[in-house]
Amino acid sequence: MINEEDEDSRNSVFAIMWDCHGLEAVARVPNPADTTFALLKGAERPKIPNIMHWQLRARYNSQRHYEIYIITAVSGITEDDICAMFEADPQTAANTIRRIGEKFHSDRAQEDLVVIR
């Protein structure tokens, strides 16, 4: 079984969603082992973010240019740390997540499009 010390040393996986107005959601994705051991012990399973609902929201509100990414962070990083990163410098936070994360959904506005009359 996984003890608390081992759990704290594992990398954390987060699902992050933002739009043109800023960060909308950050959720830790539990390790599959945590869910398995919880089921075996009869304990409550860790909550898994429903990313499909996030994607449905993003598709319905395409004018807001939602982006959903999955990132792996070193141990010790929390949802609050990611929120603080977005509050301090939203553009740098978004660029960093795009660089290190896995894109799940993106309606990112394209800046290079030019309309010529």
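Residues numbered from 1 in each chain as written. Predicted model: local features only at pLDDT ≥ 70, side-chain atom pairs only at ≥ 80, totals over all residues. Heavy atoms only, no water.

Draft legend 1. Geometry of the side chain of His105. Mapped onto the elements, His105 comes out in strand β4 (residues 102-106). In terms of polar contacts, His105 uses its side chain to reach the side chain of Asp107, at 3.1 Å. For His105, the contacting residues outside a window of four places in its chain are Gln55, Ala58, Arg59, Tyr66, Glu67 and Ile68. (Helix = DSSP H or I, 4+ residues; strand = E, 2+ residues; numbered from the N terminus. Polar contact = N/O pair within 3.5 Å; in protein donor to acceptor, adjacent residues only side chain to side chain. Contact = heavy atoms within 4.5 Å.)

Draft legend 2. The packing of aromatic side chains, seen in detail. Here the structure, examined in full by the defined rule, presents two aromatic pairs. Between Trp18 and Tyr69, the ring centres sit 5.5 Å apart and the planes meet at 15 degrees, which makes this aromatic pair stacked. Note that Trp18 is positioned in strand β1 (residues 12-19) and Tyr69 in strand β3 (residues 67-73), a separation of 51 residues in sequence. In this structure Tyr69 comes out as buried when scored by relative accessible area, which is 6%. Ring centres 5.5 Å apart and planes at 50 degrees place the aromatic pair Trp18 and Phe86 in the tilted group. With Trp18 in strand β1 and Phe86 in helix α4 (residues 79-88), this residue pair connects regions lying 68 residues apart in the sequence. Residue classification places Phe86 among the buried positions, given a relative accessible area of 7%. Members of the aromatic cluster, each reached through a chain of ring pairs, are Trp18, Tyr69 and Phe86. (Phe/Tyr/Trp six-rings, centres within 6.5 Å; stacked < 30°, edge-to-face > 60°. Buried < 20%, exposed > 50% of the residue type's maximum accessible area, 1.4 Å probe, protein only.)

Draft legend 3. Geometry of the pattern of salt bridges. If you walk through the whole model with that rule in mind, you get four salt bridges. Among the salt bridges present, the one from Glu24 reaches Arg64, with a minimum N-O distance of 3.6 Å. Taken as a pair, Glu24 in strand β2 (residues 22-29) and Arg64 in the loop between α3 (51-60) and β3 lie far apart in primary sequence, 40 residues in all. Looking at Glu24, the relative accessible area reads 31%, which means it is partly exposed. (Salt bridge = Lys/Arg side-chain N within 4 Å of Asp/Glu carboxyl O.)

Draft legend 4. Structural context of the sheet that holds β3. Taken in spatial order, the four strands make up an open sheet running β2-β1-β3-β4, and their pairing is antiparallel. Edge positions in the sheet fall to β2 and β4, since each of these pairs with one other strand and no more. Strand-to-strand twist in this sheet, taken as the mean axis angle between neighbours without regard to direction, amounts to 20 degrees. Pairing between β1 and β2: seven bridges, direction antiparallel. Looking across to β2, one finds that Met17 is bridged to Ala25. Contacts from α3 reach β1, β2, β3 and β4 within the one sheet, and its direction differs from that of β4 by about 40 degrees. Its contacts with the sheet put helix α5 (residues 90-100) on β1, β3 and β4, and the angle it makes with β3 is roughly 70 degrees. (Pairing = 2+ DSSP bridges. Axes fitted to C-alpha atoms, helices over the stretch in contact; angles between N-to-C directions.)

Such coordinate-based values are descriptive only and should not be taken to indicate function.
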